[in-house]
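In case you want the letters, here they are:
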Amino acid sequence: MARVFSGIQPSGDLHLGNLLGALVNWVNHQEEHEAVYCIVDLHALTLPKDPEELRSSTLELAQLLMAVGLDPDKCTLFVQSHVPEHSQLAWLMECTVSYGELSRMTAFKDKSDRSEFISAGLFTYPALQAADILLYDTDLVPVGDDQRQHIEITRDIAERFNHRFGETFVVPEHVIPPAGARIMDLQHPERKMSKSQHSVNGTINVLENPDSVRKKIKRAVTDSDGEIRFDFESKAGVSNLLSILGAAKGDSPEEVAKSFERYGDLKSAAADAVVDLLLPIQERYADLQSDPAETRRLLQAGAEKAQEVASRTLTRAQQNCGLLQA
Ligand code: TYM
């Protein structure tokens, strides 16, 4: 059985891009594979965070992920900082990746352009991400398109380590969904929908109420030529609506395009599909919120399960690279 691993940051609200680009796939993978999913709180610290907010967003994200459909009986769900092997392997990864490689990461360039304080952790972020993935002998990493470069560098690190010290890590592949891999901002369809861009009208949160979802989709930026076709280069706004509707319905955006002639109809159908997708998630979330102690118990059990695999891989990596066992 293939092993699947992926992670998500507990920063900001969960949005439609996270859901369609990654989480829908996570839920599917837990049915067929051995799936391990991680709330990456250490990654969230790379940008300044209020401690109370980080703590509560971590717990809320766990509840949201379960509301979306992750089932702790079918997958391993845990918090990154609960399994210290992530930080320990990250150091070995930092010593395997070069300064030049880290300097070329577009996520670092984007985020450092937008922050006043640029932490060293923001720069070495991909080394920790590589540790996350490699600790679990991961075959497949389901992510949105924006994580492509992070998975590439993980592969390079794994191959370099194996080459230097002998077979240690499985070299993983990314899995990017055919529709939904790049959900764009509804007001600025040339940039991705994101937790950190503060574009209130361009972002749909998973917990957003139906009226607000409909309004935002109705006001989404399109263009003036009136033609419905999937073409991100010249028709970013319309293509984004086609991607959203396609991903929500499990169809390709090209196929969806054939069913519509007017922008208004496309928008109504996209709004209905998103509302239908979000409502059951919101209901389950409300139920789960009533028992935070149970969520914490499930996360602890998840961390114990994850650690069994992670500690074996860490020991193997430490031995292979020459660290004297205690
Ligand atoms: P994060 O927390 O930014 O996003 C979580 C997942 O959501 C996807 N995503 C999107 N997909 C489509 N359209 C969008 N607009 C959109 N925005 C976000 C992301 O691609 C991601 O799959 N570095 C990672 C977290 C991480 C990780 C890992 C991922 C840490 N360790 C190991 C995989 C494996 C991140 O910041 O994701």
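Residues numbered from 1 in each chain as written. Predicted model: local features only at pLDDT ≥ 70, side-chain atom pairs only at ≥ 80, totals over all residues. Heavy atoms only, no water.

Engineer: In this structure, what is going on with the packing of aromatic side chains? I would like to understand it.
Structural biologist: Aromatic rings in a pair are described by how distant their centres are and how their planes are angled relative to each other. By the definition in use, this model includes 8 aromatic pairs. Measuring from ring centre to ring centre gives 4.5 Å for W26 and Y37, while their planes differ by 5°; the resulting arrangement is stacked. Taken together, the positions of W26 in helix α1 (residues 16–32) and Y37 in strand β2 (residues 34–39) put the pair 11 residues apart, joining distant regions of the chain. Y37 matches W26 in its accessibility class, with the two residues each being buried. Between F108 and F123, the aromatic rings sit 5.0 Å apart at their centres with planes inclined by 75°, giving edge-to-face as the arrangement. Of this pair, F108 sits in helix α6 (residues 106–114) while F123 sits in helix α7 (residues 120–134), and the two are 15 residues apart along the sequence. (Phe/Tyr/Trp six-rings, centres within 6.5 Å; stacked < 30°, edge-to-face > 60°. Helix = DSSP H or I, 4+ residues; strand = E, 2+ residues; numbered from the N terminus. Buried < 20%, exposed > 50% of the residue type's maximum accessible area, 1.4 Å probe, protein only.)

Engineer: Would you mind showing me how to read the side chain of H33 here?
Structural biologist: Counting through the fold element by element, H33 comes out in the loop between α1 and β2. Here H33 falls in the buried class, since its relative accessible area comes to 17%.

Engineer: Hey, could you run me through the site of the ligand in this one?
Structural biologist: Near the ligand you find 28 residues, and of these Y125, Q129, D132, D146 and I183 are the closest. One of the backbone N or O atoms of Q9 is found 2.9 Å from an oxygen atom in the ligand. Between Y125 and the ligand, the recorded distance is 2.7 Å, taken from a side-chain N or O atom to a nitrogen atom. Expressed as a share of its isolated accessible area of 710 Å², the protein-covered part of the ligand is 96%. Taken together, the elements giving at least two residues each to the shell around the ligand come down to β1 (3–8), α1 and α7. A breakdown of the residues in the shell around the ligand according to their chemical character gives 11 nonpolar, 12 polar and 5 charged. (Near = heavy atom within 4 Å. Polar contact = N/O pair within 3.5 Å; in protein donor to acceptor, adjacent residues only side chain to side chain. Areas by Shrake-Rupley, 256 points an atom, 1.4 Å probe, with all protein chains shown as cover. Nonpolar A, V, L, I, M, F, W, Y, C, P; charged D, E, K, R; others polar.)

Engineer: Explain the environment of A131 here, please?
Structural biologist: Note on placement: A131 falls in helix α7. The spacing of A131 and E85 is 46 residues in sequence and 8.5 Å in space, taken between C-alpha atoms. Among residues more than four places away in sequence, those in contact with A131 are H86, L89, A90 and M93. (Contact = heavy atoms within 4.5 Å.)

Engineer: Honestly, α1 in this entry has me stumped. Any pointers?
Structural biologist: Taking 1.5 Å of rise per residue, the 17 residues of α1 would be expected to cover 24 Å, and the 24 Å separating its terminal C-alpha atoms lies within 8% of that figure. Bending of α1 peaks at approximately 40° at the position of A22. Most of α1 is tucked away, with 13 of its 17 residues classed as buried. (Expected span 1.5 Å × (residues − 1). Bend = angle between axes of the 7 residues up to and from the residue.)

Engineer: Where do I start with the environment of A303 in this structure?
Structural biologist: Mapped onto the secondary structure, A303 falls in helix α13 (residues 292–320). When its relative accessible area of 7% is taken as the criterion, A303 is described as buried. Along the sequence, A303 and Q9 sit 294 residues apart, while their C-alpha atoms lie 16 Å from each other. In contact with A303, other than residues within four places in its own chain, are L77, F78, H82 and V83.

These figures capture arrangement, not role.
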